[in-house]
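Below are the chains, spelled out letter by letter.
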Amino acid sequence: MTTTTSAGSVPLDVGAVRGDFPILARTVRDGKPLVYLDSGATSQRPLQVLDAERRFLETSNAAVHRGAHQLAEESTDAYEGARVRIAEFVGATPGELVFTKNATEGFNLVAYAMSNSATSGEEAERFRIGPGDEIVITEMEHHANLVPWQQLCQRTGATLRWFGVTDDGRLDLSDVDSLITERTKLVAFTHQSNVLGTVNPLETLVRKAKSVGALTLADACQSVPHMPVDFAGSGVDFAVFSGHKMLGPSGIGVLYGRRELLEAMPPFITGGSMIELVRMEGSTFAPPPQRFEAGSPMTSQAVGLGAAVEYLSAVGMDRIAAHEHALTEAALAGLGEIDGVRIIGPADSADRGGAVSFVIDGVHPHDAGQVLDSLGVAVRVGHHCAWPLHRRMGVPATVRASFYLYNDLSEVDALVAGVREAQRFFGVA
Amino acid sequence: MTTTTSAGSVPLDVGAVRGDFPILARTVRDGKPLVYLDSGATSQRPLQVLDAERRFLETSNAAVHRGAHQLAEESTDAYEGARVRIAEFVGATPGELVFTKNATEGFNLVAYAMSNSATSGEEAERFRIGPGDEIVITEMEHHANLVPWQQLCQRTGATLRWFGVTDDGRLDLSDVDSLITERTKLVAFTHQSNVLGTVNPLETLVRKAKSVGALTLADACQSVPHMPVDFAGSGVDFAVFSGHKMLGPSGIGVLYGRRELLEAMPPFITGGSMIELVRMEGSTFAPPPQRFEAGSPMTSQAVGLGAAVEYLSAVGMDRIAAHEHALTEAALAGLGEIDGVRIIGPADSADRGGAVSFVIDGVHPHDAGQVLDSLGVAVRVGHHCAWPLHRRMGVPATVRASFYLYNDLSEVDALVAGVREAQRFFGVA
Amino acid sequence: MYQEIILDHYKNPHGRGLRDPFDAESFQVNPTCGDEVTLRVSLDGDKVGDVSYEGQGCSISQASASVLTDLVVGHTVDEAMSTMEAFVELMQGRGQVEPDEDVLEDAVAFAGVAKYPARVKCALLGWMAFKDALTRTEANRRNGEAS
Amino acid sequence: MYQEIILDHYKNPHGRGLRDPFDAESFQVNPTCGDEVTLRVSLDGDKVGDVSYEGQGCSISQASASVLTDLVVGHTVDEAMSTMEAFVELMQGRGQVEPDEDVLEDAVAFAGVAKYPARVKCALLGWMAFKDALTRTEANRRNGEAS
Ligand SMILES: Cc1ncc(COP(=O)(O)O)c(C=O)c1O
Ligand SMILES: Cc1ncc(COP(=O)(O)O)c(C=O)c1O
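Throughout, a residue's number is its position along its own chain's written sequence, starting from 1. Chain letters start at A and ligand numbers start at 1, both assigned in the order the entries are written. Residue-level local features of this predicted model are given only where pLDDT is at least 70; pairs of side-chain atoms are given and counted only at 80 or more, and the full residue set underlies all totals for whole chains, interfaces and linings. The side-chain numbers reported here are obtained from all heavy atoms of the structure, hydrogens and water having been left aside.

Caption draft 1: Inspection of the overall build of chain A at higher detail. Tallying secondary structure elements over chain A gives 14 helices and 18 strands in all. Taking 429 residues into account, the globule formula puts the C-alpha radius of gyration at 22 Å, and chain A, at 22 Å, falls close to it. If the 35 positive side-chain charges of chain A are averaged to one point and the 51 negative ones to another, these points end up 4 Å apart. A run of H or I in DSSP counts as a helix once it spans at least four residues, and a run of E counts as a strand once it spans at least two, with each numbered from the N terminus. Note that the radius of gyration is over C-alpha atoms, with the globule rule given as 2.2 Å times the number of residues to the power 0.38. We count Lys and Arg on the positive side and Asp and Glu on the negative side, and we leave His and both chain ends out. Throughout, a charge is located at the NZ atom of Lys, the CZ atom of Arg, the CG atom of Asp or the CD atom of Glu.

Caption draft 2: Main features of the interface of chain A and chain B. Here a residue-residue contact requires only that any non-hydrogen atoms of the pair lie within 4.5 Å. Of the residues lining the interface, 94 residues belong to chain A; the matching set on chain B comes to 94 residues. Buried area is calculated as the accessible area (1.4 Å probe) missing from two parts once they are joined, with the contributions of both summed. Interface area for chain A against chain B, summed over the two sides, is near 7900 Å², with a carbon-plus-sulfur share of 53%. Pairs of N or O atoms are called polar contacts if they sit within 3.5 Å, as long as, within protein, a hydrogen donor faces a hydrogen acceptor (for residues adjacent in sequence, only side-chain-to-side-chain pairs). Across the chain A-chain B interface, the total number found is 46 residue pairs in polar contact (both at pLDDT 80 or more). Of the residues belonging to the side of chain A that touches chain B, the class tally is 39 nonpolar, 34 polar and 21 charged. Side-chain classes follow a simple rule in which Ala, Val, Leu, Ile, Met, Phe, Trp, Tyr, Cys and Pro form the nonpolar group, Asp, Glu, Lys and Arg form the charged group, and the remainder, Gly included, forms the polar group.

Caption draft 3: Fine view of the site of ligand 1. Around ligand 1 there are 15 residues in total, and Ser296 of chain A together with Thr104, Asp219, Ser242 and Lys245 of chain B lie nearest to it. One heavy atom within 4 Å of a molecule or strand makes the whole residue count as near it. Surrounding ligand 1 is a set of residues that belongs to chains A and B. Within the side chain of Ser296 of chain A, an N or O atom sits 2.6 Å from an oxygen atom of ligand 1. Interatomic distance of 2.7 Å between a side-chain N/O atom of Gln222 of chain B and an oxygen atom of ligand 1. Its free accessible area being 390 Å², ligand 1 has 99% of it covered by the protein chains. Across the shell around ligand 1, the residue classes tally to 3 nonpolar, 9 polar and 3 charged. Surface accessibility in these figures is a Shrake-Rupley result with a 1.4 Å probe; residues are shielded only by whichever protein chains are displayed.

Caption draft 4: Structural detail: the sheet that holds strand S18 (residues 398-402) of chain A. Residues and elements named next belong to chain A. For two strands to be treated as a pair, DSSP must find at least two bridges joining them. Across the sheet, 4 strands lie side by side as S14-S15-S18-S17; this open sheet has antiparallel pairing. For this open sheet the edge positions go to strand S14 (341-344) and strand S17 (380-382), each flanked by a neighbour on one side alone. Pairwise comparison of adjacent strand axes, ignoring direction, gives a mean angle of 30 degrees for this sheet. Judged from the 4 bridges that link them, S14 and strand S15 (residues 355-360) form a sheet pairing that is antiparallel. Across the sheet, Ile344 pairs through a bridge with Ser357, a residue of S15. The axes used here are C-alpha line fits, helices contributing only the stretch in contact, and every angle between their N-to-C directions lies in the interval 0 to 180 degrees. Those strands touched by helix H12 (residues 365-374) are S15, S17 and S18, and its axis lies near 40 degrees from that of S18.

Caption draft 5: Representation of the site of ligand 2 within the structure. Neighbouring ligand 2 are 15 residues; Thr104, Asp219, Ser242 and Lys245 of chain A together with Ser296 of chain B lie closest to it. Close to ligand 2, residues of chains A and B are found. Within the contact set of ligand 2, an oxygen atom lies 2.5 Å away from a side-chain nitrogen or oxygen of Thr104 of chain A. Between an oxygen atom of ligand 2 and a side-chain N or O atom of His244 of chain A, the distance comes to 2.8 Å. Summarising the interface, the protein chains cover 99% of the accessible area of ligand 2, which totals 390 Å² for the free molecule. For the shell around ligand 2, a count of residues per class yields 3 nonpolar, 9 polar and 3 charged.

Caption draft 6: Representation of the packing of helix H4 (residues 103-116) of chain B against helix H5 (residues 147-156) of chain B in the model. Residues and elements named next belong to chain B. Packing of H4 against H5 brings their axes to within 9 Å, and their N-to-C directions diverge by 10 degrees. Overall, the two elements H4 and H5 adopt an arrangement that is roughly parallel. Two secondary-structure elements touch here, H4 through Phe107, Asn108, Val110, Ala111, Tyr112, Met114 and Ser115 and H5 through Pro148, Trp149, Leu152, Arg155 and Thr156. Here the contact of H4 with H5 is composed, by residue class, of 8 nonpolar, 3 polar and 1 charged. What sets the label is the angle itself: under 35 degrees gives roughly parallel, over 145 gives roughly antiparallel, 65 to 115 gives roughly perpendicular, and the rest give oblique.

Caption draft 7: Structural view of the UniProt feature "domain: Aminotransferase class V" (unreviewed entry) in chain A. UniProt positions are given in the numbering used here, feature names are shortened, and annotations may be inferred rather than shown by experiment. Per the UniProt record, "domain: Aminotransferase class V" (unreviewed entry) is found at residues 35-415 of chain A. In this annotation, residues 35-415 of chain A is assigned 37% helix and 19% strand; the end-to-end C-alpha distance for the span is 8 Å.

Caption draft 8: The arrangement of the packing of helix H3 (residues 70-90) of chain B against helix H10 (residues 299-315) of chain B in detail. All names here are of chain B. Two numbers describe how H3 lies on H10: the axes approach to 8 Å, and their chain directions differ by 35 degrees. The interaxial crossing formed by H3 with H10 has left-handed handedness. Taken together, the residues of H10 that come into contact with H3 (itself represented by Ala78, Tyr79, Ala82, Arg85, Ile86 and Phe89) are Thr299, Ala302, Val303, Leu305, Gly306, Val309, Glu310, Leu312 and Ser313. Looking at the contact of H3 with H10 residue by residue, the classes come out as 10 nonpolar, 3 polar and 2 charged. By the definition used in this description, the sense in which the near helix is turned from the far one sets the handedness, with an anticlockwise turn below a right angle giving left-handed and a clockwise turn giving right-handed.

Caption draft 9: Spatial organisation of the relation of the copies chain A and chain B. Mapping chain A onto chain B calls for a rotation angle of 180 degrees and an axial translation of 0.0 Å; the resulting RMSD is 0.0 Å. Taken together, the turn and the small shift mark the pair as related by a two-fold rotation axis. Superposition of the copies used a least-squares fit over C-alpha atoms from residues whose pLDDT is at least 70 in both.

Caption draft 10: Molecular detail of the interface of chain C and chain B. Contact residues are listed per partner, giving 9 residues for chain C and 8 residues for chain B. Throughout this description, the term salt bridge denotes a Lys or Arg side-chain nitrogen within 4 Å of a carboxyl oxygen of Asp or Glu. The interface formed by chain C and chain B holds 1 salt bridge in total. Arg94 of chain C serves as the salt-bridge partner of Asp77 of chain B, at 2.9 Å between the closest nitrogen and oxygen. On inspection of chain C and its partner chain B, the count reaches 1 residue pair in polar contact (both at pLDDT 80 or more). Going through the elements one at a time, strand S1 (24-29) and helix H5 (117-146) of chain C are the ones with two or more residues in the side of chain C that touches chain B. Here the side of chain C that touches chain B is composed, by residue class, of 6 nonpolar, 1 polar and 2 charged.

Caption draft 11: Quick look at the confidence of the model for chain C. Looking at any residue, its pLDDT shows the predictor's confidence there, from 0 to 100. Confidence in the prediction for chain C averages 93 pLDDT; 98% of positions are at 70 or higher. Taken over the whole predicted complex, pTM reads 0.96, whereas the ipTM for its chain interfaces reads 0.95.

Caption draft 12: Broad picture of the environment of Ala118 of chain B. All names here are of chain B. With respect to the helices and strands, Ala118 occurs in the loop between H4 and strand S5 (134-138). Relative accessibility thresholds used throughout: buried, under 20% of the residue-type maximum; exposed, over 50%; partly exposed, between the two (1.4 Å probe, protein chains only). Take Ala118: its relative accessible area is 57%, and that puts it in the exposed class. Taking the C-alpha atoms as reference points, Ala118 and Leu160, 42 residues apart in sequence, are found 18 Å from one another.

Caption draft 13: Region of the structure containing the pattern of salt bridges. Residues and elements named next belong to chain A. Applying the stated criterion across every chain, the model contains 58 salt bridges over all chains. Residue Arg161 is joined to Glu134 by a salt bridge in which the shortest nitrogen-to-oxygen separation is 3.2 Å. With Arg161 in strand S6 (residues 159-165) and Glu134 in strand S5 (residues 134-138), this pair connects stretches of sequence that are 27 residues apart. Here Arg161 falls in the partly exposed class, since its relative accessible area comes to 24%.

Caption draft 14: Molecular detail of a negative patch on the surface. Residues and elements named next belong to chain C. Here, patches come from residues exposed beyond 30% relative accessible area and free of salt bridges, joined within 9 Å for like charges and within 5 Å for nonpolar side chains (Val, Leu, Ile, Met, Phe, Trp, Tyr). Where like charges cluster on the molecular surface, the negative patch consists of Glu4, Asp8, Asp70, Asp100, Glu101, Asp102, Glu105 and Asp106. Looking at the negative patch, the elements with two or more residues in it are helix H1 (4-11) and helix H4 (101-104). Along the chain, Asp102 turns up in helix H4. The exposed category is assigned to Asp102, whose relative accessible area is 70%.

Caption draft 15: View of the domain arrangement of chain A. All names here are of chain A. Start and end points for every domain follow an automatic or database-based domain assignment. Looking at chain A, the domain boundaries give domain 1 (14-40 + 316-426) and domain 2 (50-313). The C-alpha centroid of domain 2 is placed 29 Å from the C-alpha centroid of domain 1. Each partner contributes residues to the interface: domain 1 has 38 residues there, and domain 2 has 34 residues. With both sides pooled, the region where domain 1 packs onto domain 2 buries about 2700 Å², and carbon together with sulfur makes up 56% of that total. Among the residues domain 1 hides against domain 2, the three largest losses belong to Met317, Leu389 and Arg392. Together they make up 24% of the total. Where domain 1 touches domain 2, the interface holds 2 salt bridges.

See below:
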């Protein structure tokens, strides 16, 4: 299968890509070829990433930033070298990237830094928050960009507000002026919805927030893996993404923060490697990013994520985006033709990524997922950690197919055929 | 080389063990065989661990606890199966183990849960802390078991107090009755010092703390990898350890908490996978351990750590402890014979693990470490994240050699010879 | 895993709907998929007089609730509890437990579900609500006696 | 990496000790090893009149502070700053930067240290203190003028 990018460049060679992913060659459920359409939950890893991590562990593994022996030097270089590569990949400088265990920790880091600033020095004043202050999110957020703010409000007495979602799954910006006001301290929103596929207007929201002096945070978990991004260029203050969704290891995520903000922000998790001076009576802290990386870091995982962004760059993010666009259009068309199937999210493919969620009249998502699984098609069913969004869309759960660079059109066909089979099995078609 | 356990059982076969660790066969600094004496910072990984993680990633990798497809099932089984094995290894039930990114996160989890309990329900009352309450630690703590408590006190107005250390590096228990009192909410102490090697009297401290109704937390980072432990049997309330120090992957640590405590404790990091019910207006949370594992977990890392405890168990923790005991005695004897070398920590090997720290008159630890490194001997120099302890012992920094199951007596000899060479080089012998 | 019996109960559920009067009600939700059930228990002496329920969920959770009413209504609370234990054991047995048809009747059809861990929670949703409602009934009784 | 010059400076440090009067003082510490230096700068017009220091540290940090005094005392602040820049560039060059002996004199001996990233901080400790002390001197002057 081939797709062409908007720029008309050489399309992505899916066959060659698939050869790099050993797991895609396996079969499931009595010999069915695996059709992996769950990359929105977690992606698979190419040999290049597996090998980079293993090579590091078999040759250089040691504690970073600590030892003075050769292994420690090599490890530190590998770890910091990965930070440089990842920074370049998202349009940031290395000092602006903090390694976390997953994206979820990144949201919590900012949320706790904000409540911690109550008992920190003057430099942290701009992060302080309390009664009367507001945090604005959206109704389409993943729980990771929702619950930490509820908890922050609970700790500080601030108020949580949110944008609604339109019937076709777009952000409802009609009340932007009453939502983003002088009371707003932070606007946190997803760059690309993990359920709807909707790509939100990052620059518009950043501009609006800046106009009232509010900070911005983008949940980039579903954008960084799937499209070219430029954090510095976008003007966003913070952004968060996960290694395991972009061909990298589990156990590593990234928080991007503009340098001057990270410099003023109090720490979250504290302990070794993030200190400047420690006495029993009190401690001072290292500059960022070390200030936010307490304890032994995710060393080999950073190395793996470095290899992942190299892999993605070599394929080309534009090309990946174009490829997924083609798959998404095919899925929207194929599913759209089936009576009784309703897409939850934009029906057209403009400003839309490759997560396609849907419901089937008369077939519960769990049952649809089970039938698909029995055919080798791996999708996700449930609320995908976006429960309020599902309530808003009037459905308890959806079936979600999500695409990545290693999927091809035959897999979209398998999905569509599987949905028809589920309808047949449950007697609704 | 062979050592015999106190029980007289078959000694550890170091040669066979070393064959499992590819990195130990490498050379450093112009062809010197690597003598890795820095396992106290991070250990190396055997093929069994590397292979288990890789096998998982090439066959079963998927999001755990979420999907309904075969890969998701296999991943969940692998992840939860690892929890079962690790629980057994430390004398706990699986539901009492929370996976964290490192040990440091574990300390912070408890510290933040305590401050969060101020804005949580009644069930969290026993964790509440404020002015007049005290937290007791020791002067020999790693920063990871020190800074989080300083920060907790800063957030809540509670007071931090600590046990001193005797000149020979033992815990000074002489003022235990004035330190652990009715005001004490938590006693947090290291089970085995990462600098001194000292093994502290866990049961005595637990008993004393219980007598005043205080909680206890053991830093087991240096005990779990090196000796058999039984958390449930010890009566300790919480314990924390790290995967990377026990042949497992980086990016994973473990918090043990007695079930009834975890059940009453409010969450720390929040987001997906740790919730019960989410509405925009507020959320409720899952039972432990899920409540404390927000976001995509360290899946392959848990699998790797599961393989690591299997490896350790197969070798035998008693045997490993006996082996390290023999290495420690040899190092204490060999270094003790050198004029101008002073051991920082107990000079005898009773209640003492395999971390041997020392200073050399007239040779700064950094310089000693450099000379050792040039000879292929990898040690750690500095304060080893225990700065207050170093101040107490009257030294800015030390050289630390730390042993593990894959080290042998010839490596102790290389250390001793290297120290002599450093003295010669700097003209102090 | 979709036995004919399960599909029958799914399409023609027994005892569905919420009925008055009742002694206790329980609301249960499956946090991973959002499926819900509200279930009421009404006791008749030491017997289960009625179980009524409503909810949204997959074929497995709906059929399981339907089978539940068949198995417990008209039986003593003790009998119902031991049926429940047998069902829970079957569901958590990963397909290794041989179900006793005398005890479980139509519920033996769920043996295949036990092989799919992600669906076990679906099958147990109604039963957890039943268990919770019984606990509440007892609590209510004790409180009633005390006051 | 231990050039004879470095060992000489280490064993016989130049300018060591804290002296009065001084215009500004800086305390710097290396957080990974606990090494410390306290360094004082005394200006003489636009020249560096004296640099005095005390501290604990390894041969590299001690020798580097000793070389520092040789290189900056008696030179203008501008010259000292550009010497410092050359030294920092050398140290951060990972062994790839060719040092200019006319500018760096004895400090060229540190070229080998640049190959050991963990030791670069040691070599820079005194220089960071010098830089910080100069900044403080200027700040003091400005405050003095303003008041
Ligand atoms: C005694 C002790 N406690 C805590 C830690 C922190 O562990 P980690 O860096 O894995 O969080 C370490 C190791 O660095 C340690 O040796
Ligand atoms: C949009 C979005 N935000 C946040 C997350 C949380 O990421 P993680 O589970 O890696 O912390 C996810 C994925 O689960 C996601 O899709």
